[in-house]
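Observations on the model geometry
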Amino acid sequence: QKEVEQNSGPLSVPEGAIASLNCTYSDRGSQSFFWYRQYSGKSPELIMSIYSNGDKEDGRFTAQLNKASQYVSLLIRDSQPSDSATYLCAVIQYSSASKIIFGSGTRLSIRP
Amino acid sequence: GAVVSQHPSRVICKSGTSVKIECRSLDFQATTMFWYRQFPKQSLMLMATSNEGSKATYEQGVEKDKFLINHASLTLSTLTVTSAHPEDSSFYICSARDARGQETQYFGPGTRLLVL
């Protein structure tokens, strides 16, 4: 089992709709979770961090965390073509000396 | 805030030469920096964790004598690819963790290396 799992996609969503990206992790002791966006040929940029169960909203982005289910998601409302990118889920594993572990990413495509 | 720079952004070198890549945290101090490599259409691969003032910790399968890491100050880490070969051609990305204890990692823009 991978430490951080994401569906590789591509996930195709019509412009204006809600894009839902999902991630599961294996280390039950993890406390810190991040979503990064990576455009092709560029380095990742941080979108959201979340530490507590529940929802955290920032503009069009909402991160959701459920530690009991070991599940974290990212919702993008009113999807725009500029949201087309690969989204990386990242988890800090305290069992691995606080190393941040990245999922392989989900490729999101927003179709006009 | 939280800006990380890398230099150079692109480098082309001949096989057998060494290449040094710099990673700087511009507006914060970073006790820990990380070096990643990413091949086309693949995910980030952590190569090593660089701690200021101590030896780097390398991931399994990464040759420490080939990828030399120096973290001499709280704002600078360098990665030297020694005796580069075409298979070392990749996108090298550093990230830095704020020394004030925050866990978020901020990424540099990356260095694209092409070894001929």
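Residues numbered from 1 in each chain as written. Chains lettered and ligands numbered in written order. Predicted model: local features only at pLDDT ≥ 70, side-chain atom pairs only at ≥ 80, totals over all residues. Heavy atoms only, no water.

**Examining the overall build of chain A**
Secondary structure summary: chain A contains 0 helices and 11 strands in total. Listing the helices and strands of chain A from first to last along the sequence gives β-β-β-β-β-β-β-β-β-β-β. The C-alpha atoms of chain A give a radius of gyration of 13 Å, which matches the 13 Å a tight globule of 112 residues would have. Overall, chain A is about 45 × 30 × 20 Å in size when its C-alpha atoms are taken along their principal axes. Here chain A holds 112 residues, and the buried ones make up 44% of them. A separation threshold of at least 6 residues defines the contact pool for chain A, and within that pool the share at least 24 residues apart is 54%. Carbon together with sulfur atoms contributes 46% to the accessible area of chain A, which is approximately 5200 Å² in total. Within chain A, one finds 11 positive and 10 negative side-chain charges whose respective centroids are separated by 4 Å. (Helix = DSSP H or I, 4+ residues; strand = E, 2+ residues; numbered from the N terminus. Rg over C-alpha atoms; globule rule 2.2 N^0.38 Å. Buried < 20%, exposed > 50% of the residue type's maximum accessible area, 1.4 Å probe, protein only. Contact = heavy atoms within 4.5 Å. Areas by Shrake-Rupley, 256 points an atom, 1.4 Å probe, with all protein chains shown as cover. Lys, Arg positive; Asp, Glu negative; His and termini not counted. Charge placed at Lys NZ, Arg CZ, Asp CG, Glu CD.)

**Things to note about the sheet that holds strand 7 (residues 67-73) of chain B**
All names here are of chain B. Across the sheet, which stays open at both edges, the 4 strands sit in the order 1-3-8-7 with antiparallel pairing between neighbours. Since the sheet does not close on itself, it has two edges, and those belong to strand 1 (4-7) and strand 7, each with one partner. In this sheet, neighbouring strand axes are inclined to one another by 15 degrees on average, regardless of whether the strands run parallel or antiparallel. In the sheet, strand 3 (residues 19-25) pairs with strand 8 (residues 76-81) via 6 bridges, with the strands oriented antiparallel. Bridge pairing in strand 8 links Ile21 to Leu79. (Pairing = 2+ DSSP bridges. Axes fitted to C-alpha atoms, helices over the stretch in contact; angles between N-to-C directions.)

**Considering the packing of aromatic side chains**
Between two aromatic rings, the relevant description is the distance of the centres plus the angle of the planes. Tallying each qualifying case throughout the model produces 10 aromatic pairs over all chains. With centroids separated by 5.6 Å and ring planes inclined at 85 degrees, the aromatic side chains of Phe102 of chain A and Tyr36 of chain B adopt a geometry described as edge-to-face. Highlighted residues: Phe102 of chain A in strand 10 (residues 99-102) and Tyr36 of chain B in strand 4 (residues 32-38), drawn from two different chains. The pair formed by Phe102 of chain A and Tyr36 of chain B is uniform in burial state, with each residue classed as buried. By the ring-pair criterion, three or more aromatic residues cluster together here, those being Phe34, Tyr36, Tyr51 and Phe102 of chain A together with Tyr36 and Phe107 of chain B. For the cation-ring pair, Arg60 of chain A lies above Phe61 of chain A, with the distance from its terminal atom to the ring centre recorded as 5.6 Å. Lys66 of chain B extends its terminal NZ or CZ atom over the ring of Phe67 of chain B, reaching a point 5.9 Å from the ring centre. (Phe/Tyr/Trp six-rings, centres within 6.5 Å; stacked < 30°, edge-to-face > 60°. Lys NZ or Arg CZ within 6 Å of the ring centre and 35° of its normal.)

**Focus: the pairing of strand 9 (residues 90-97) of chain B**
All names here are of chain B. Of all 8 residues in strand 9, 8 are buried; the element is thus mostly enclosed. Across the two faces of strand 9 the burial is the same, with Ser90, Tyr92, Cys94 and Ala96 and Phe91, Ile93, Ser95 and Arg97 all buried. In terms of strand pairing, strand 4 meets strand 9 through 7 bridges, oriented antiparallel. Note that in strand 9 the partner of Met33 across the bridge is Ala96. The pairing of strand 9 with strand 11 (residues 111-115) spans 3 bridges and is classified as antiparallel. Its bridge partner lying in strand 11, Phe91 is registered against Arg112. By the bridge criterion, 3 bridges tie strand 9 to strand 10 (residues 105-107) in an arrangement that is antiparallel.

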